[in-house]
Amino acid sequence: MTYLFIGLVSFSILLLVISFFQRDRYRDIEKDMEELSMNVLQEHYKLKKRISVLEEELMLDGDMTLHKSPINEIIKNQVISLYKQGVKVDQITKQSTLSKQEVLSIIQDS
């Protein structure tokens, strides 16, 4: 009986010592997830940077003209109606897809 007890205690000590030298799988997974997260963040940053560069390149200068389609009559009527109701020009430009100059030209033409 004592031999069995000593054998079990020594076996448990041996397993405890082996567990200290074994690789931690969760630590490896955590490290991989950290690397993946950093890669995703770096790619996200690069994409945002590229988008901002493209947006800056597409910004229109005063020299460049943009050929837009004519403004729809329904939109013109809505702009005139909003203006007659007392809505400010800035608010009309926020509600519509038109620029301030387009809204002012519609109001002046009416």
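This brings us to a nonpolar patch on the surface. A grouping of Phe5, Ile6, Val9, Ile13, Leu16, Val17, Phe20 and Phe21 is seen on the molecular surface, where their side chains present a nonpolar patch of about 890 Å² in accessible area. If you trace the backbone, Ile6 turns up in helix H1 (residues 2–21).

Turning next to a negative patch on the surface. Together, Glu30, Asp32, Glu34 and Glu35 make up a region of like negative charge exposed at the surface. Tracing the chain through its elements places Asp32 in helix H2 (residues 25–58). We classify Asp32 as partly exposed; its relative accessible area is 47%.

Core analysis: the largest hydrophobic core is formed by 8 residues, namely Val79, Ile80, Val89, Ile92, Leu98, Val103, Ile106 and Ile107. Secondary structure elements with two or more residues in this core: helix H3 (73–84), helix H4 (89–95) and helix H5 (100–109). With 3 residues, H5 is the largest single contributor of residues to this core. Not counting chain neighbours up to four residues away, the residues in contact with Ile106 comprise Ile71, Lys76, Val79, Ile80 and Leu98.

With that out of the way, let us pick up H3. Taking 1.5 Å per residue, 12 residues should reach 16 Å; H3 reaches 16 Å between its end C-alpha atoms and fits that length. Gly86 lies just past H3 and shows a positive phi near 100°.

Looking now at the pattern of salt bridges. Using the criterion set out here, one finds 2 salt bridges in the structure. Residue Glu73 is joined to Lys76 by a salt bridge in which the shortest nitrogen-to-oxygen separation is 3.5 Å. Taken together, the residues Glu73 and Lys76, both in helix H3 and 3 residues apart, mark about one turn of the helix. Residue class for Glu73 comes out partly exposed when judged on its relative accessible area of 49%. With a relative accessible area of 26%, Lys76 lands in the partly exposed category. Among the salt bridges present, the one from Lys100 reaches Asp90, with a minimum N-O distance of 3.3 Å. Here Asp90 lies in helix H4 and Lys100 lies in helix H5, a separation of 10 residues in the sequence.

Turning next to the environment of Val17. The residue Val17 is located in helix H1 in this model. Classification of Val17 by relative accessible area gives partly exposed; the value is 40%. A sequence separation of 35 residues divides Val17 from Ser52, and the C-alpha atoms of the two residues are 56 Å apart.

Definitions and cut-offs
Residues numbered from 1 in each chain as written. Predicted model: local features only at pLDDT ≥ 70, side-chain atom pairs only at ≥ 80, totals over all residues. Heavy atoms only, no water. Patch = residues over 30% accessible without salt bridge, like charges linked within 9 Å, V, L, I, M, F, W, Y side chains within 5 Å. Areas by Shrake-Rupley, 256 points an atom, 1.4 Å probe, with all protein chains shown as cover. Salt bridge = Lys/Arg side-chain N within 4 Å of Asp/Glu carboxyl O. Helix = DSSP H or I, 4+ residues; strand = E, 2+ residues; numbered from the N terminus. Lys, Arg positive; Asp, Glu negative; His and termini not counted. Charge placed at Lys NZ, Arg CZ, Asp CG, Glu CD. Buried < 20%, exposed > 50% of the residue type's maximum accessible area, 1.4 Å probe, protein only. Core = buried A, V, L, I, M, F, W, Y, C linked by side-chain atoms within 4.5 Å. Contact = heavy atoms within 4.5 Å. Expected span 1.5 Å × (residues − 1).

Note that every value here comes from positions in space, so none of it alone points to a role or purpose.
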